[in-house]
Amino acid sequence: MKTFFLFPLKFVSYFLFIFLSISYNLSASESFTINVKNSVKGAPITVGVPFPIEALASSDNIRLVDRDGNEIPSQITEVSRWLPKEESVKWVWVFFFSTGDDKYELQYGSDISRLPISEPKIKIKKVSQSISHIDANNSIGFVAADLGIKTAIKHAQKTGIGMVAIKNSGHYGLSGYYAEQAVKKGLMVMVFTNAPPAVAPHGALKSLFGTNPICFGTPTGSKVPFILDTSISMINRGKIRVAAREGTKIPEGVALDKFGKPTTDPKKALEGVQLPIAGFRGSGLAWMVDILSGVLTGGNHAGRVKDPFTDFSGPQNIGHLFFVLKPNLFVGNSFNKRIKDNIKTIKKLPKIKGVKEILYPGQSKFHRYKNNSKKDIFISKNISEDLKILNSIK
């Protein structure tokens, strides 16, 4: 790591002296930290930066971000004199307008800037006694979401209601995993997250919404929790990827190819669009989740969430929203009795031929877990080979 302390720059428009320092590390992952003292919001800043020659050949992948990871418009011009020379480095002028922050980061590299940060500086802002806003700092989604649900649970235990919004996160796996954490604490929960484009809005030719899962969980008065975890698409995108990897077909009526024709080919489905559940109603639900987890939280939305498999131009900035509450807020201690009566009444309904029991969401998965935990897990040859390759990496 090298640090340069540059000469003061006098801003004509503000008649201020601002001192800057730059730290950079010439490695495979390139980034430069620009520290600014006494910065005035809106002030023009011009600073010399020692930039790797190879990076200048891919200027489309150069970006300047503030301390929150938000991209800032900037102009980069090569310098031919005045500043020190160094092997494999060319000095450039970086011009931008200050946002009032004291730190900025200049990034480059098509496959580097979007990688999750291994040691993120996650920030939790307490909005009220019941609400917090988390900036995940481009961390792995599992880390950010786990912190988010635990924070929401603590709020709910203290005040009865807990809400946590998360921005600058990544894919967090199963929504039901986080819902189950709250239910085990005797709490009711709703979980929302958006995802990369996969589903076309009703009437549109292009995919924009993610599979945007909707998740709800509640205690049932028994060992088996009620966990509804469903995407708004006819099929989970992960199942399409597995089918493409294993060379198997997907069901009919779940996806269209890039020409808008129905397909059972998973590779063509990944290039095309997935179909929402219930037609325009599913599209509406996807839109709702995009607003709750994207617009509301500060995360990407309206199709701007990047696909982690194909788009390496920047971080995903996925948004999550956790809403947790005590189930006895309105009916007191009678909740357990009421939820048991609700489930019992529905289970007693006349059943269609071939149905032995009417199951509530989460019940079937719980039974499969109990049965499969006693058995071996079989995986395909392709997946097994992938795991061997990953295991060989040191």
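One can find the structure itself at the top, above this paragraph.
Residues numbered from 1 in each chain as written. Predicted model: local features only at pLDDT ≥ 70, side-chain atom pairs only at ≥ 80, totals over all residues. Heavy atoms only, no water.

Participant: Teacher, can you tell me more about the packing of aromatic side chains here?
Facilitator: When we look at a pair of aromatic rings, we describe it by the centre distance and by the angle of the planes. Tallying each qualifying case throughout the model produces seven aromatic pairs. Geometrically, the ring pair formed by Phe216 and Phe226 is edge-to-face, given 5.9 Å between the ring centres and 75° between the ring planes. Of this pair, Phe216 sits in strand E16 (residues 214-218) while Phe226 sits in strand E17 (residues 226-230); the two residues are 10 residues apart in sequence, bridging distant segments of the chain. For Phe216, a relative accessible area of 26% translates into the label partly exposed. Ring pairing ties together the aromatic residues Tyr172, Tyr177, Tyr178 and Phe322, which thus form one cluster. (Phe/Tyr/Trp six-rings, centres within 6.5 Å; stacked < 30°, edge-to-face > 60°. Helix = DSSP H or I, 4+ residues; strand = E, 2+ residues; numbered from the N terminus. Buried < 20%, exposed > 50% of the residue type's maximum accessible area, 1.4 Å probe, protein only.)

Participant: How should the sheet that holds strand E20 (residues 318-325) be read in this particular structure?
Facilitator: Neighbouring strands of a sheet are bound in pairs by backbone hydrogen bonds; such pairs are parallel or else antiparallel. Judged by pairing direction, the sheet is mixed, and its seven strands sit side by side in the order E12-E13-E14-E20-E15-E16-E17 without closing on themselves. Each edge of the open sheet carries a strand with a single partner, namely strand E12 (123-126) and E17. Neighbouring strand axes in the sheet, compared pairwise and without regard to direction, differ in orientation by 10° on average. Its contacts with the sheet put helix H2 (residues 141-159) on E12, strand E13 (131-135), strand E14 (161-169), strand E15 (188-193) and E20, and the angle it makes with E14 is roughly 160°. (Pairing = 2+ DSSP bridges. Axes fitted to C-alpha atoms, helices over the stretch in contact; angles between N-to-C directions. Contact = heavy atoms within 4.5 Å.)

Participant: Even after reading the chapter, I still don't get the nonpolar core, so can you show me in this structure?
Facilitator: Where a protein is soluble and globular, its nonpolar side chains tend to be buried together. Core analysis: the biggest nonpolar cluster contains 22 residues, and Ile149, Ile166, Ala182, Val189, Val191, Phe322 and Val324 have the highest contact counts within it. Counting only elements with at least two residues in this core, the list comes to H2, E14, helix H3 (175-184), E15 and E20. In terms of residue count, H2 provides more of this core than any other element does, six residues in total. Setting aside residues no more than four positions away along its own chain, Val324 makes contact with Ile149, Ala152, Ile153, Ala156, Gly160, Ile161, Gly162, Ala182, Leu187, Met188 and Val189. (Core = buried A, V, L, I, M, F, W, Y, C linked by side-chain atoms within 4.5 Å.)

Participant: How do you make sense of the packing of H2 against H3 when you look at a structure like this?
Facilitator: For any two helices packed against each other, one specifies the crossing angle of their axes together with the interaxial distance. It is the contact of H2 with H3, at a shortest axis distance of 10 Å, that shows an interaxial angle of 25°. Our classification of the angle between H2 and H3 gives roughly parallel. Considering the relative orientation of H2 and H3, their crossing is right-handed. Where H2 approaches H3, its residues Gly141, Phe142, Ala145, Asp146, Ile149, Lys150 and Ile153 are matched on the opposing element by Tyr177, Tyr178, Gln181 and Ala182. Of the residues that constitute the contact of H2 with H3, the class distribution is seven nonpolar, two polar and two charged. (Parallel < 35°, antiparallel > 145°, perpendicular 65-115°, else oblique. Left-handed = near helix turned anticlockwise from the far one by under 90°. Nonpolar A, V, L, I, M, F, W, Y, C, P; charged D, E, K, R; others polar.)

By themselves, these observations are geometric and do not establish any function.
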